[in-house]
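What the coordinates show
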Amino acid sequence: MAMSAERDLPQSAPSLARRVFVVLACVATTVALVVFVGATLVFQSSLVADAHEQLSRECSMAASVLDGCDGTGAQVTSLATVDTGDTRVTLVAVDGTVLYDSLADAASLLNHLDRPEVAEALADGTGSSERESDTAGNVSIYQASRLASGAVLRLSVDRAGVSALLVRDLWMLAVVVAATVVASWVVARLVAGRLVRPVLAIDPARPQDADTYEELSPLVARLAQQQTTLTSQMRELEGAERMRREFTSNVTHELKTPLAAISGAAELIRDGIAKPEDVAGFAGRIVDETAHLTALVNDILTLSKLDESERSSDRALVGSTEPIDLGRVALDVASRLARPAEKAEVSIDVSGDATRICGVARLIDELVYNLCDNAIRYNRPGGTVWVWTGADACGHPILRVTDTGRGIPTEAQGKVFERFYRVDASRSRASGGTGLGLAIVKHVAAFHGAEVGLESMEGEGTTVTVTFPVQEGTRPVG
């Protein structure tokens, strides 16, 4: 699984193993250098301390011997007969003149009164110091002691300094660094493998089941959330695709019916088959079906614009908003539906307060028109349609349309707002409905943030209530 995941990565993707190796190699090499230099400093400091201690003992012994000599001349003679090995012996007079030096001609040496160890010995009896020697990288260590004669005996040795020690052990440092780099590479491969394994084990389809690091919990939670969102979106897309297919099928079916009637009547007239006295009837049928077809196309276009507006979140697609008087719209719709209502032997009664909302005038008009048109179509002869506009106790503008029709069965009430759904398909087509009226009502209400409520009992009628939100510019009209 890990190898497959690595193959799927783009070529430019950074390697975790390489990054771990670089970090480990840099850290380990830095630590090795620091430890090496630190150890060298400690070692060199120890060398200097040991040298001081040894020279102090030797200087004390030599001073006790020289104190037994009679005068500085005897002391110089005594020193000249002693083999001091790698220890340099210098005898300095009280005035700083070098009386004797085991490694150089005393007469050629400068006055030593300014030497720290000599000055300190003259003042306190003993003195010590160290400074860079003429030999590159070495340190000269001095120990001085004042003799009974007042002269100063100084012993010194050279010891390797820090730079000399580092240069001497440079090969060892190179070996340590090389070993560190190799070890870092091996450890990086192992560590990277162990670090990546729980990450690669995360199943994108079920990230919440992954047993991984605590630090990855936010990532796993986000993956789970995105998976849930993706699943929901896929379901919505599938549902939208299913609705689209159903809508296309229903539109095709609904368009075929009036087109077939128009085509049939027109062919009868064209071919002279219709009797002269029947021509007017066929022509009237063509006009009626054309009107039905026009209404159907208009409803389809309205729904298409509402759908597009919902998908793109562009409200301007369906028009601009403006203050609208619900009561005035209801009166206007009732006036336009007066003749169909009279034909269906249904009366329309508009009451309530004039209430203003902000919305798209054309869509609000269609909402009111479709509700009233449905209430007339599915009413009974001698029935009534009541249209009421006003506001509830909370200030929400309300449109309520009540009819005295047959009512809607309980099992069908949840479906009447679906496109092309008809409780009684044969009666709906006979009444001239497109099957899209209540679907338009639902989408127009949703566009305006309104809620649609339905109350109906079979044999007693139906009430549809549209409750608009309280918004700026929405107020009762006095």
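In case you missed it, the structure is sitting above this.
These numbers were taken from a predicted model, which means no experiment stands behind them. Along each chain, residues carry numbers from 1 onward, in the same order as the chain's sequence is written. In view of the model being predicted, local features appear only for residues whose pLDDT reaches at least 70, and side-chain atom pairs are presented and counted only at 80 or more, with totals across whole chains, interfaces and linings using the full set of residues. Water and hydrogen atoms were dropped before computing side-chain values, which therefore reflect all heavy atoms in the structure.

1. Digging into helix α13 (residues 437–447)
The buried label goes to any residue with under 20% of its type's maximum accessible area, the exposed label to any with over 50%, and the partly exposed label to all in between, with areas taken from a 1.4 Å probe on protein chains only. Secondary structure elements are taken from DSSP: a helix is a run of H or I of four residues or more, a strand is a run of E of two residues or more, and numbering for both begins at the N terminus. With 9 of 11 residues buried, α13 lies mostly within the body of the structure. Along α13, the residues that are buried comprise G437, L438, A439, I440, V441, H443, V444, A445 and F447. Looking at the residues trailing α13, positive phi occurs at G449, about 70°.

2. Some details on the environment of R380
Tracing the backbone shows R380 in the loop between α11 (361–377) and β9 (384–391). Among the residues examined, R380 registers a relative accessible area of 43% and is labelled partly exposed. Considered as a pair, R380 and A344 are 36 residues apart in the sequence and their alpha carbons are 7.8 Å apart. Note on definitions: a residue-residue contact is assigned when non-hydrogen atoms from the two residues lie within 4.5 Å. Among residues more than four places away in sequence, those in contact with R380 are E345, V346, T404 and G405.

3. Thoughts on the sheet that holds strand β4 (residues 138–146)
Each pair of strands is called paired provided DSSP finds at least two bridges between the two strands. If you walk across this open sheet you meet the 5 strands as β2-β1-β5-β4-β3, and the pairing is antiparallel. The two strands at the open ends of the sheet, each matched to only one other strand, are β2 (98–101) and β3 (126–132). Within this sheet the neighbouring strands show an average axis-to-axis angle of 20°, counted without direction. Here an angle of 0 to 180 degrees is reported between the N-to-C directions of two axes, which are lines fitted to C-alpha atoms, with helices fitted over the stretch in contact. Each of β1 (88–92), β3, β4 and β5 (152–160) is contacted by helix α4 (residues 116–124), which is oriented at about 170° to β3, the strand it contacts most.

4. Topic: the sheet that holds strand β12 (residues 461–467)
Reading across the sheet, the 5 strands line up as β7-β9-β10-β12-β11 and stay open at both edges, with mixed pairing between neighbours. Whereas interior strands pair on both sides, the edge strands pair on one side only; in this sheet they are β7 (347–352) and β11 (451–457). Across the sheet, the axes of successive neighbouring strands diverge by a mean angle of 10°, strand direction being ignored. Pairing of β11 with β12, which is carried by 7 bridges, proceeds in the antiparallel orientation. Bridge assignment links L454 to a residue of β12, and that residue is V464. The strands touched by α11 are β7, β9, β10 (397–403) and β12; relative to β10, the strand with the most contacts, the crossing angle is about 20°.

5. Thoughts on the pairing of β10
In terms of burial, β10 is largely enclosed, as 6 of its 7 residues are buried. In terms of strand pairing, β9 meets β10 through 7 bridges, oriented antiparallel. Note on β10: the bridge partner recorded for W388 is R400.

6. Observations concerning the packing of aromatic side chains
Where two aromatic rings form a pair, the distance of their centres and the angle of their planes describe that pair. Stacked, edge-to-face and tilted are the three classes for Phe, Tyr and Trp ring pairs, Trp counted by its six-membered ring, which pair at centre distances within 6.5 Å; planes under 30 degrees apart are stacked, over 60 edge-to-face, the rest tilted. Throughout the structure, instances matching the rule amount to 0 aromatic pairs. In this structure, R131 packs its charged tip against the face of Y142, placed 4.0 Å from the ring centre. Here, over-ring charges are defined by two tests on the NZ atom of lysine or the CZ atom of arginine: distance to the ring centre within 6 Å, and angle to the ring normal within 35 degrees.

7. Here's the deal with the nonpolar core
Residues belong to a common nonpolar core when they are buried Ala, Val, Leu, Ile, Met, Phe, Trp, Tyr or Cys residues joined through side-chain atoms within 4.5 Å. Ranked by size, the top nonpolar core spans 38 residues in total, and within it I364, L367, V368, L371, L399, V401 and V466 carry the most contacts. Put simply, the parts of the chain that give this core at least two residues each are α9 (326–336), α11, β9, β10, α13 and β12. Of the residues forming this core, the biggest block, 8 residues, is contributed by α11. With near-sequence residues (within four places) excluded, I364 lies in contact with I324, L326, V329, I357, V444, H448 and F468. Of all hydrophobic cores here, the second largest spans 17 residues; its members include L66, L79, Y100 and A151.

8. Looking at α9
The complete set of buried residues in α9 reads L326, G327, V329, A330, V333 and A334. When α9 is viewed along its axis, its buried side chains cluster within an angular range of 160° and face the same direction. Exposed and oriented more than 90 degrees from the buried face of α9 are R328, L331 and S335. Its side-chain oxygen 3.0 Å from the backbone nitrogen of G327, D325 forms the N-cap of α9. As used here, the arc belongs to the directions running from the helix axis to the C-beta atoms. Any pair of nitrogen or oxygen atoms within 3.5 Å is treated as a polar contact; in protein, a donor-acceptor pairing is required on top of that, and neighbouring residues in sequence qualify only through side-chain atoms on both sides.

9. Some details on the packing of α9 against α11
In contact at an axis separation of 9 Å, α9 and α11 are set at 50° when each is read in the N-to-C sense. One way to sum up the angle between α9 and α11 is to call them oblique. When you trace α9 past α11, the crossing you get is right-handed. Within the contact between the two elements, α9 uses L326, V329, A330, D332, V333 and R336 and α11 uses I364, D365, V368, Y369 and C372. Split by residue class, the contact of α9 with α11 holds 8 nonpolar, no polar and 3 charged. Each angle gets one of four labels, with under 35 degrees taken as roughly parallel, over 145 as roughly antiparallel, 65 to 115 as roughly perpendicular, and the rest as oblique. Left-handed describes a crossing whose near helix is turned anticlockwise from the far helix by less than a right angle; the clockwise case is right-handed. Charged residues are taken to be Asp, Glu, Lys and Arg, nonpolar residues to be Ala, Val, Leu, Ile, Met, Phe, Trp, Tyr, Cys and Pro, and polar residues to be all remaining types, Gly included.

Read these as spatial facts, not as claims about activity.
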